[in-house]
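Take a look at the letters that make up each chain.
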Amino acid sequence: MERYPDIEIYLADADIETVQRWLAGHFDEPPTLVKRGKAQWQARARHADSEVPILLVTQAADGFASLWFDSPHTPWPRDVDCARDAARALGCEVRCSLGGWQPGDEPDRFWRVRADGEEGAIDWPDSGQ
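Keep in mind that what you see is a predicted model, and the values were worked out from it rather than measured. (Residues numbered from 1 in each chain as written. Predicted model: local features only at pLDDT ≥ 70, side-chain atom pairs only at ≥ 80, totals over all residues. Heavy atoms only, no water.)

Draft legend 1. Main features of the nonpolar core. Core analysis: the biggest nonpolar cluster contains 29 residues, and Ile9, Ile54, Leu67 and Phe69 have the highest contact counts within it. At the level of elements, strand E1 (7-12), helix H1 (16-24), strand E3 (40-47), strand E4 (50-61), strand E5 (64-69), helix H2 (79-90) and strand E6 (94-97) are the ones that each hand at least two residues to this core. Among the elements that line this core, the one with the most residues is H2, at 6 residues. When neighbours within four sequence positions are excluded, Leu67 is seen to be in contact with Ile7, Glu8, Ile9, Leu11, Val19, Trp22, Leu23, Ile54, Leu55 and Leu56. (Core = buried A, V, L, I, M, F, W, Y, C linked by side-chain atoms within 4.5 Å. Buried < 20%, exposed > 50% of the residue type's maximum accessible area, 1.4 Å probe, protein only. Helix = DSSP H or I, 4+ residues; strand = E, 2+ residues; numbered from the N terminus. Contact = heavy atoms within 4.5 Å.)

The structure is reproduced here in structure tokens:
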């Protein structure tokens, strides 16, 4: 299975403590999210003997938080795998890219995973907020 160079998901109703507990269950060295600015939290975790930088931006887009893992060495090979796990564990809607993004891809098409397991492609235009 293809492994993406990084993973980004968008969480509805992201509670910092709940997200941190979920992350702790997936990394060899559990991350501690530390506030680094307005609506930004950072952490470093370890998985498969590699460091994984993590950035959580709580007010990223239209009521969703962005959770970005800047490494290919995550517990999930693709964004959608992470989104499915997060939706199930956190009990919230999660969105992610449809696949590996390439220049020319439609920027407003995303994959939505609901807490009940329903999922599918959606249009999610950037409102600029």
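Continuing now.
Draft legend 2. Quick peek at the packing of aromatic side chains. One pass over the full model with this rule turns up 8 aromatic pairs. Ring centres of Phe27 and Phe69 lie 6.2 Å apart, and the angle between their planes is 25 degrees; on these two criteria the pair is classed as stacked. Separated by 42 residues along the polypeptide, Phe27 in the loop between H1 and strand E2 (34-37) and Phe69 in strand E5 bring together distant segments of the chain. Given the relative accessible area of 6%, Phe27 is considered buried. (Phe/Tyr/Trp six-rings, centres within 6.5 Å; stacked < 30°, edge-to-face > 60°.)

Draft legend 3. Region of interest: the packing of H1 against H2. Between H1 and H2, the shortest axis-to-axis distance is 11 Å and the interhelical angle comes to 120 degrees. By the angle class used here, H1 and H2 are oblique. Here H1 runs over H2; the crossing is right-handed. Across from Thr18, Val19 and Trp22 in H1, the residues of H2 making contact are Cys82, Asp85, Ala86, Ala89 and Leu90. (Axes fitted to C-alpha atoms, helices over the stretch in contact; angles between N-to-C directions. Parallel < 35°, antiparallel > 145°, perpendicular 65-115°, else oblique. Left-handed = near helix turned anticlockwise from the far one by under 90°.)

Draft legend 4. Highlighting the pairing of E5. The element E5 is largely enclosed, with a buried count of 5 among its 6 residues. Sheet topology places E1 next to E5; 6 bridges connect them, and they run antiparallel. Paired with Ala12 across the bridge in E5 is Phe64. Two strands pair when backbone bridges link them, and E4 and E5 are joined in this way by 5 bridges, in the antiparallel orientation. In the sheet register, Leu56 faces E5, and the bridge partner there is Leu67. Adjacent in sequence and paired antiparallel, E4 and E5 are bridged by 2 residues, among which Asp62 carries a positive phi angle near 45 degrees. (Pairing = 2+ DSSP bridges.)

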